[in-house]
Amino acid sequence: MEEHLNHSASSAAIPQNIEGVVESEERDPESNSLIQPLLLKRNRTLSSNPLALVGAKVSHIESLDYEINENDLFKHDWRSRSKVQVLQYILLKWTLALLVGLLTGLIATLINLAVENIAGYKLLAVVAYIDEERYLMGFIFLAVANLLFTTVAAVLCVCFAPTAAGPGIPEIKAYLNGVDTPNMFGATTLIVKIVGSIGAVSAGLDLGKEGPLVHIGSCIASLLGQGGPDNYRVKWRWLRYMNSDRDRRDLITCGAASGVCAAFRSPVGGVLFAFEEVATCTGECGLFGEGGLIMFDVSTVTLTYCWMDIFPVVVIGIIGGVLGSLYNHFLHKVLRLYNLINQKGKIHKIFLSLAVSLFTSACLYGLPFLGKCTACDPSLAESVCPTNGRTGNFKQFNCPDGYYNDLATLLLTTNDDAVRNIFSTNTSTEYHPLNLLIFFALYCILGLFTFGIAVPSGLFLPIILMGAAYGRMLGIAMNSYTNIDQGLYAVLGAASLMAGSMRMTVSLCVIFLELTNNLLLLPITMIVLLISKTVGDCFNPSIYEIILHLKGLPFLDAHPEPWMRNLNVGELADAKPPVVTLCGIEKVERIVEALRNTTHNGFPVVDDGIVPPVGLAVGATELHGLILRAHLVQALKKKWFLKERRRTEEWEVREKFTAVELAERELKIEEVAVTSDEMEMYVDLHPLTNTTPYTVLETMSVAKAMVLFRQVGLRHLLILPKYEAAGVPPVVGILTRQDLIAYNILNAFPHLKNPKSREKGN
């Protein structure tokens, strides 16, 4: 099964494979009956794959119910709520949001303290060996320590919580998009993510802790919302208000925003990141200076620029877009290669992580020996240049007194300190262009081969370091033609590469403004981000979209494909199997048969022989609504059976069910036992049916339906016929998330990919 998923997920990311499949298959004969509401005869069946790669397991993916299920129980529960209960609900949401932010900030501080001190003592020991000219022992100590930290992170992820590997942001994007990603927000995942992030970052790998912090914040939000881990949930009465997917989604969005805020000290940027991309301590903190991920304060720098400075800013934006798309392209290839290696088992995953760690240690330790020693500026105090122990921009490394090694300043330190060093202002002669080129090339290679191993990892910091390197190189080249400081060029380079790879604009702009604490950077930062994103969009999708496709997660894009306007939802319905409907008062045997023989999660409820309130007093067909599979299973489990076919009273339903019970989705039909006598009984489905499902006419375009489906957060969208007549069913079909994925539609309607060729053929 795992190989099947990897094949399908890979093919989903490579649309050119569609043509070969289309040419090899024969078209269905054009033999459709007259009663089918077809607008275009199909070529094949609209298929979908409900499997995706979550962590290391192939999981069955389902959609979430962000739509309000307005059945009789929900309406009664809502009407019966007093003003006090409404106030409790509002107070609970604000309290949980406050706790999410507080706990995320505390855990971020813990991670930062641990990383700064562990990595700090490790590097101090290495420097001690270098001072004694015991270079081989210095490398052995560094390599062994890094291997040990990497082993801890990799073993935890591989053996205990595979979903903790990677940044977790693509899965969070999918969850907020409406995809239920199993085991992504559990307590085990949270613990492994915290410990694994400390180990991976302390090992000096080319990754950051900002992506994991977003995942950590989301895990905290999910656990608080559901009252704790699955096996030890707190059954507080107040928590019943958070039992819907909508409330849980809102809380997880707060968790993602708090993670970005904790990582970058950017509260506004964190909120904007949560909306755009997915929907601390101060003072001395460890051996390497201030706490927090990055705090680059250039508010004291006098920033002036003129029209001549627009040219290098535009160049930075173009370079960022091109390099960002190239990075996405090559990272896609590396991830596919790693996928083949990871299929061989857990040992191969661990050994791959250790191999990357050993290569990283060799590069970080060996390359500074290629750098030349540079004399310190006489105006600098001896305590500032050179330094070897604590934070500083002038690392002595193997140089004599009074000299520093600029390559060691960037490599033989923590990633956070490397960012602070390369972002430093008023240091126009500190870094040699050749050494910056070596640093840039190294981090391009490490960034490609480190992301994808079985450890918690973030993409922000590697991309920031790469972008800052080429930004500073351009600043050196333009030094005599511009008034902008080289450190600010490094900031613009980092922003451009992030926009070129991740395709974010508004949130990135605010994050960098809050990092730099300088509002004068706003105009040129906006220009750089817009240019980089525009250039990158010309080549390939964002890196997170690429990862989503590789994992096979059915993510709905914000903008439909242009060819989707040439297809109607009625044509999609015809390409699917016939819709399964249930009666308002249905036989138990029929319900069990529908649940066992299909995988549908929603069934239209239709009543025949209804006398309409207006019009002729003849029997009509009524679409009562939509009932979920989980509610049908609950009815069977509760043995809510009737010996005769009749409508139940409202009090009968409230005695048997509660709104909290209907929110549970854990039960399966295989766990419910029904006797042969019970098979002949009936179930009144009216009280459990959502009487206000979203519906569209069969003539609506797929593009319009997709926008509605995504913006409202639907799980099912009913398709109604355009004409009402005898023999015409009240429901033509049901659209789900899988039906609106572009790859699945093109498999069924290949001519849509190239409409011009179709017109020529006709």
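Residues numbered from 1 in each chain as written. Predicted model: local features only at pLDDT ≥ 70, side-chain atom pairs only at ≥ 80, totals over all residues. Heavy atoms only, no water.

Engineer: Quick one: what's the story with the overall build of the protein chain, residue by residue and with numbers?
Structural biologist: Counting its secondary structure elements, the protein chain contains 29 helices and 14 strands. Going through the 762 residues of the protein chain one by one, you find that 55% of them count as buried. As displayed, the protein chain offers around 33500 Å² of accessible surface, 60% of which is attributable to carbon and sulfur atoms. (Helix = DSSP H or I, 4+ residues; strand = E, 2+ residues; numbered from the N terminus. Buried < 20%, exposed > 50% of the residue type's maximum accessible area, 1.4 Å probe, protein only. Areas by Shrake-Rupley, 256 points an atom, 1.4 Å probe, with all protein chains shown as cover.)

Engineer: Please give an account of helix H14 (residues 415–422) that cites residues and values.
Structural biologist: H14 sits mainly inside the fold: 8 of its 8 residues count as buried. Those residues of H14 that fall on the buried side of the exposure criterion are Asn-415, Asp-416, Asp-417, Ala-418, Val-419, Arg-420, Asn-421 and Ile-422. In the core, the buried residues of H14 are packed alongside helix H4 (83–131), helix H13 (406–411), helix H15 (433–450), helix H16 (460–477) and helix H17 (486–502). (Contact = heavy atoms within 4.5 Å.)

Engineer: Please set out the environment of Glu-210 residue by residue, giving values where relevant.
Structural biologist: Here Glu-210 shows up in helix H8 (residues 210–226). In terms of polar contacts, Glu-210 uses its side chain to reach the backbone amide nitrogen of Phe-460, at 3.1 Å. (Polar contact = N/O pair within 3.5 Å; in protein donor to acceptor, adjacent residues only side chain to side chain.)

Engineer: Which residues make up the state of the cysteines, and what are the values?
Structural biologist: One pass over the full model with this rule turns up 1 disulfide. The residue that forms a disulfide with Cys-373 is Cys-399, at a sulfur-sulfur distance of 2.1 Å. Taking the sign of the S-S torsion, about -90° here, the bridge from Cys-373 to Cys-399 comes out left-handed. Here the residue Cys-373 occupies a position in strand E5 (residues 373–375), and Cys-399 occupies one in the loop between E5 and strand E6 (403–405), the gap between them amounting to 26 residues. Judged by relative accessible area, Cys-399 falls into the buried class, the value being 6%. Distance from the sulfur of Cys-159, which forms no disulfide, to the nearest cysteine sulfur (Cys-157) is 9.8 Å. (Disulfide = S-S within 2.5 Å.)

Engineer: So what's going on with the packing of aromatic side chains? Which residues, and what values?
Structural biologist: A full pass over the atoms with the stated rule returns 11 aromatic pairs. Centre to centre, the rings of Phe-369 and Phe-397 are 4.9 Å apart; their planes meet at 65°, and the pair counts as edge-to-face. Of this pair, Phe-369 sits in the loop between helix H12 (346–366) and E5 while Phe-397 sits in the loop between E5 and E6, and the two are 28 residues apart along the sequence. By relative accessible area, Phe-369 is classed as partly exposed at 31%. By relative accessible area, Phe-397 is classed as buried at 5%. Three or more aromatic residues joined by ring pairs make a cluster, and in this case those are Tyr-135, Phe-139, Tyr-365, Phe-369 and Phe-397. (Phe/Tyr/Trp six-rings, centres within 6.5 Å; stacked < 30°, edge-to-face > 60°.)

By themselves, these are just geometric observations and shouldn't be taken as functional.
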